[in-house]
Amino acid sequence: MTVHFIGAGPGAADLITVRGQRLIAASPVCLYAGSLVPAELLEICPPDARKIDTSALTLDEIIAELVAADEAGHDVARLHSGDPSVFSAIAEQMRRLDTAGVPYDVTPGVPAFAAAAAALARELTVPGVAQTVILTRTAERATAMPEGEDLPSLAASRSTMVLHLAVQRIDAVVADLLPAYGPDCPVAVVARASRPDEQILRASLGEIAALVKEAGIRRTAVIVIGPALTAAQFPDSHLYSATRCR
């Protein structure tokens, strides 16, 4: 028996790997993250599969379901939105499964920041403009941030920054980022990336808060900040340069 942690992607049901799709179809138990996982993916489960929405469960209750499946000899498709490598809360699940002696593996998925970049039709790393992407969040109503990972400190490099789980406190985000990026720095907010009701806002850092409030965006959104969003004048990448290809 194996618990398969599977990245279900950012929202569109067809943005899942072939491996992830195959594992869902073969697992008699499926634990999924409520409204964050497309309902179409649950249709891939075997007809008699046990499907469990984890949105109202505690960590202890989730682990109990995984251990029970292990004792019954059933593989589990454990679906998480986006990609499990960031902000997925699989680390504490894996730690407890290690203690319980339950085997698991991880299948990557399309992360929200990648879906947002695709929706914006922008590369987040642009030659001569930005070659670093910071993926982070804020601490309100969540685990405290480690020392040195506050927004003003992270913003000092003026790298492309992608904020998850932060749109509900847009005013505070703007206040933290203004000193480093300045009021004219381009910002985009992408809500429900890749879904039919996807929503995109583009503005300057000084203007974005008002637009977010006007649009009523409160969750399931990422904030992207940095000059790469509007860069037009930049050198070609060395990757395909004539010098390299000789």
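Structure report, in brief. Computed from a predicted model, the values in this text were never measured in an experiment. (Residues numbered from 1 in each chain as written. Predicted model: local features only at pLDDT ≥ 70, side-chain atom pairs only at ≥ 80, totals over all residues. Heavy atoms only, no water.)

1. Some remarks on the side chain of H4
And then number 1: Here H4 is to be found in strand β1 (residues 3–7).
And then number 2: The buried category is assigned to H4, whose relative accessible area is 6%.
And then number 3: Of note is the side chain of H4, whose polar atom sits 2.8 Å from the side chain of D105.
And then number 4: Apart from the residues lying within four places of it in its own chain, the contact partners of H4 are L23, S27, D75, V76, A77, R78 and D105. (Helix = DSSP H or I, 4+ residues; strand = E, 2+ residues; numbered from the N terminus. Buried < 20%, exposed > 50% of the residue type's maximum accessible area, 1.4 Å probe, protein only. Polar contact = N/O pair within 3.5 Å; in protein donor to acceptor, adjacent residues only side chain to side chain. Contact = heavy atoms within 4.5 Å.)

2. Topic: the sheet that holds β1
Whenever strands of a sheet pair, they do so through backbone hydrogen bonds, lying parallel or antiparallel.
And then number 1: The strand order across the open sheet formed by five strands is β3-β2-β4-β1-β5, and the pairing between neighbours is parallel. If you trace the sheet from one side to the other, it starts and ends with β3 (50–53) and β5 (104–107), each paired once. Averaged over all pairs of adjacent strands, the angle between their axes in this sheet comes to 20°, without regard to strand direction.
And then number 2: Here β1 pairs with β5 via four bridges, running parallel. Directly across from H4, in β5, lies its bridge partner D105.
And then number 3: Taken strand by strand, helix α3 (residues 59–72) contacts β1, β2 (29–32), β3 and β4 (76–80), and its axis lies near 165° from that of β2. (Pairing = 2+ DSSP bridges. Axes fitted to C-alpha atoms, helices over the stretch in contact; angles between N-to-C directions.)

3. Some thoughts on helix α8 (residues 208–215)
And then number 1: Within α8, the full set of buried residues consists of I208, A209 and V212. All buried residues of α8 fall inside an arc of 100° around its axis, so they share one side. Residues A210 and E214 are exposed on α8 and point more than 90 degrees away from its buried face.
And then number 2: Packed against the buried residues of α8 are α7 (170–181), β8 (186–191) and β9 (199–204). (Arc of directions from axis to C-beta.)

Distances and angles like these do not, on their own, reveal function.
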